[in-house]
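# A closer look at the structure
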Amino acid sequence: MAHIHHPDADADVTVDEPDVVHVDHVKHYAAGVPAVAVALQRGMEQMGPVRTARTLAKLNQRNGFDCPGCAWPETPGHRKHAEFCENGAKAVAEEATRRQVGPEFFARHSVADLATRSGYWLSQQGRLTHPMYLAPGDTHYRPVDWDEADRIVAAEFAAMTTPDEAVFYTSGRTSNEAAFVYQLFARSLGTNNLPDCSNMCHESSGTALTSSIGIGKGSVSVPDLEHADLILIAGQNPGTNHPRMLGTLANAKANGARIVAINPLPEAGLMRFKDPQKVGGVIGTGSKLADDFLQVRIGGDMALFRGVAKLVLDAERAAPGTVFDQDFLDEHCAGVDDYLTLLERLDFDDVLAATGLTQAQIRDLADAVIRADRIVLCWAMGLTQQRHGVATIAEGTNLLLLRGMIGKPGAGLCPVRGHSNVQGDRTMGIYEKMPEAFLAAVDHEFGITSPRAHGFDTVAAIDAMTRGQVRVFMAMGGNFVSAAPDTRATEAALAQCRLTVQVSTKLNESHVATGHAALILPTLGRTDKDVIAGVPQQVSVEDSMSVVHLSRGSLKPASELLHSEVAIICDLAEATLGPDHPVEWSALKHDYDLIRDRISRVIPGFEGFNTRVRAKDGFVLPHPPRDARKFETSTGRANFAAYPLEWVPVPAGRLILQTMRSHDQYNTTIYGHDDRYRGVSGNRHVVLLHPDDITARGLRPGQHVDVVSEFDGPDGLEERRVTDFEVVAYDTPRGNAAAYYPETNPLIPLRSVAAESNTPVSKAVVVRLEPRA
Ligand SMILES: Nc1nc2c(c(=O)[nH]1)N[C@H]1C(S)=C(S)[C@@H](COP(=O)(O)OP(=O)(O)OC[C@H]3O[C@@H](n4cnc5c(=O)[nH]c(N)nc54)[C@H](O)[C@@H]3O)O[C@H]1N2
Ligand SMILES: Nc1nc2c(c(=O)[nH]1)N[C@H]1C(S)=C(S)[C@@H](COP(=O)(O)OP(=O)(O)OC[C@H]3O[C@@H](n4cnc5c(=O)[nH]c(N)nc54)[C@H](O)[C@@H]3O)O[C@H]1N2
Ligand SMILES: [Mo]
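Residues numbered from 1 in each chain as written. Chains lettered and ligands numbered in written order. Predicted model: local features only at pLDDT ≥ 70, side-chain atom pairs only at ≥ 80, totals over all residues. Heavy atoms only, no water.

Within an unreviewed UniProt entry, the label attached to the protein reads FdhF/YdeP family oxidoreductase, and the organism entered is Gordonia desulfuricans. Within the UniProt record for the protein, the comment given under Sequence similarities (unreviewed entry) is "Belongs to the prokaryotic molybdopterin-containing oxidoreductase family." (UniProt positions renumbered as here; feature names shortened; annotations may be inferred.)

Pasting the structure below:
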């Protein structure tokens, strides 16, 4: 085995784990000079000056790598010299760190010891450098070589009684090429068990949009947003999670757009923005972004959309032919009459109760919707991770349909995706229920027979593991145990597996929540140079607006032993399926162009993939509603949805808790303990609530409490508890609280999921607070 030099092989990286919370004045603007300074400082700490300069210069540039931070597109035609943001730079610094975790580290720490460490500590130890194996009954991981690792996995697969005892999870950083061979492997083996992070993320968007407009993707481009005259941003915190979107919004604003923020919290990025890439942007207090802030109650968005639609209907009735886009409704829509009947029956008191907004605020929004010629609706987790997430997104779609706001310039639907390639992974077939046309095309291209029965999504996979029906759990990236709901139940579920396999860049909780045996397979990240047999390879990704482009890392990998995701999958497939399998795994691994050729023949829209992806800005995938007002739905038209109105009442004495991201984390990876824009620093174990809710409970800010969730289980009322959270007074609606993910995931019951999409309800958990003695 090759010997690797570890700069800090015999010492752990120490991290501060402070527990004192400081609440400063909430920042009313995002970005600006502090953001650039923070980005550079993180880079220097993790990478040193040379790597910092080299990586940041290549971020989101043509010939560079796609930022692993988020799925917001680059502005076509004018990539700026520094098209990155503070949080993109942090994501890069985390990946390109010089810190390393090798065999000496695992010899020093038993799995039991690692299980006592925080996720923050684990991730700060650095990049994984060696394949590691935890044998059944062992206390420590030990190094293995790749061939042995492949044999271990292949033997477990061979011992399954049915291929459905295997589960293949994917996180959204995986490239198109890796995702395609991964699903091909799962289907060659005989299972559709392909859960992914999307099941916990935008699944509600995909489900709603597919039945409403026939495609589960957004219908706008960056220029559309820049030329919209009304932009609604609901349930999204772009200042932290999609900072480059602020630049687009600032351009829209300069072109005269009105921006409305719909959120329980006054998020800094939506309020004011200082563009660090414009000299003017760094002085003063920034420009105002949102013209209106609607402080909606958690779960009140569906009622808001319906209330607005009702007022739009009233206006149309008052002046027929002036408000609705009647031609669009006649030519392209179905179900409008049933929907209008629902609107007529709407009790506006329900709207006021559900939203917590005033009649005047809702009327004001309705007036803006009536007057606008070009409306874009943007949303993210605040809408999707609700029990009625699908209905809420369908309702927002209804509102836009009434005014014909789909398939014309400057207007449309904009679900803002999370992981940088989560949309592409789905396009490549990472989905437990891919349509027949896709499966048939795969079978035809490769001469295999894909299974047709639907597989497990994330929640169903955890259930199956709990029942002991999963022998092998494999994860292509991500941090399953921390991202999934009901942390203790998910840990117990994983422990039932014979083998858990994690293909990862960095250490996380999922490496210590193992099956009887476990493998860690270290892989290249976006920033790493991917060279196989002397030939450099590049991968492709699809952004939130369906643009496919290349990504090429340029850094020297953390170890000579790292394999690319593609190589790991192809080697495993060959070891499992044998040399006579019809897929030429070894050839695919040696030349990603061959994978792209295969994709071009299987997935519509990828014709000429290898040529078109090498064009300056890549290429845009087809989107029938956007391109031609074509709706490939059950009716061949855009469908109005007619769901009964739902919202989230607050039970007496309880709170509705949303679990969200701080400014200093990437999902389950914690960068630090500060949430700068919200003015909270030093501690992530906090619960933010309205000052009157603090007083009403006889509590005071700074006091420590346990947070206890309550829900109906199969055997009556059940509880889950997280301990020692600090109470912070915050500007949130009464009855609504907020705390950070993943610390609060143990509170989310596995069975609390969105209707139809099965997404865990991470944004509405019924809790009570118990003061600590
Ligand atoms: N730096 C950074 N970037 C990221 C990520 C990260 O962790 N860090 N994660 C990536 C991923 S995978 C994703 S999915 C995205 C997530 O991006 P976001 O969806 O912005 O992430 P959350 O922190 O979950 O924020 C949800 C927002 O919804 C609001 N909200 C909560 N409940 C409701 C509600 O009922 N109604 C309304 N209207 N609003 C509500 C919250 O106050 C908050 O502003 O970001 C991606 N980008
Ligand atoms: N309570 C609550 N729960 C949530 C959410 C919430 O808002 N609230 N949000 C949900 C959402 S939107 C999402 S998307 C999920 C996120 O779920 P995941 O995608 O599973 O989680 P991440 O934290 O993004 O995964 C981080 C790990 O990915 C690995 N990694 C990073 N880069 C690469 C790479 O290039 N290749 C490989 N193979 N591995 C890599 C590293 O080892 C790192 O530790 O969490 C969900 N869970
Ligand atoms: Mo996500």
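## Description of the site of ligand 2
By nearness alone, 31 residues border ligand 2, and Y169, S171, E565, T668 and Y741 come closest of all. G477 is positioned with one of its backbone polar atoms (N or O) 3.5 Å from a nitrogen atom of ligand 2. The separation between a nitrogen atom of ligand 2 and a polar side-chain atom of E565 is 2.7 Å. Isolated, ligand 2 exposes 930 Å² of accessible area, and the fraction of that covered by the protein chains is 96%. The class makeup of the residues in the shell around ligand 2 is ten nonpolar, 16 polar and five charged. Per-domain counts for the shell around ligand 2 show at least three residues from each of domain 2 (100-199 + 432-603) and domain 4 (655-771). (Near = heavy atom within 4 Å. Polar contact = N/O pair within 3.5 Å; in protein donor to acceptor, adjacent residues only side chain to side chain. Areas by Shrake-Rupley, 256 points an atom, 1.4 Å probe, with all protein chains shown as cover. Nonpolar A, V, L, I, M, F, W, Y, C, P; charged D, E, K, R; others polar. Domains from an automatic or database assignment.)

## As for the site of ligand 1
Lining the immediate surroundings of ligand 1 are 33 residues, of which N263, E267, G299, D301 and N667 lie closest. N241 is positioned such that a nitrogen or oxygen atom in its backbone is 2.8 Å from a nitrogen atom of ligand 1. Take D301: an N or O atom from its side chain is 2.7 Å from a nitrogen atom of ligand 1. Expressed as a share of its isolated accessible area of 920 Å², the protein-covered part of ligand 1 is 99%.

## Regarding the packing of aromatic side chains
A complete count under the given rule lists 17 aromatic pairs for this structure. Note on Y169 and F480: the rings are 4.9 Å apart at their centroids and 75° apart in plane angle, and the pair reads as edge-to-face. Taken together, the residues Y169 in strand β7 (residues 166-170) and F480 in helix α23 (residues 480-483) connect sequence positions 311 residues apart. Pair check on accessibility: Y169 and F480 agree, each one buried. Where F185 meets W585, the ring centres are 6.3 Å apart and the plane angle is 80°; that geometry is what we call edge-to-face. (Phe/Tyr/Trp six-rings, centres within 6.5 Å; stacked < 30°, edge-to-face > 60°. Helix = DSSP H or I, 4+ residues; strand = E, 2+ residues; numbered from the N terminus. Buried < 20%, exposed > 50% of the residue type's maximum accessible area, 1.4 Å probe, protein only.)

## A few points about the nonpolar core
Counting residues in hydrophobic clusters, the biggest one holds 63 residues, and the most contacted among them are F157, F168, L519 and F606. Element by element, the count of residues in this core is highest for helix α7 (residues 176-189), at nine residues. If we ignore the near neighbours within four places in the chain, the residues touching F606 are T427, M428, V548, I599, S600, R612, F619 and L621. (Core = buried A, V, L, I, M, F, W, Y, C linked by side-chain atoms within 4.5 Å. Contact = heavy atoms within 4.5 Å.)

## Description of unusual backbone geometry
The peptide bond linking Y741 to P742 adopts the cis configuration, its omega dihedral lying at 0°. Note on placement: P742 falls in the loop between β32 (736-740) and β33 (765-771). Here S546, not a glycine, exhibits a phi torsion of approximately 65°, which is positive. Here S546 shows up in the loop between β21 (539-542) and β22 (547-551). Phi angles above zero are rare outside glycine, and N667 is one such case at about 50°. Here N667 is to be found in the loop between β26 (665-666) and β27 (669-670). On the basis of relative accessible area, N667 is assigned to the buried category, the value being 15%.

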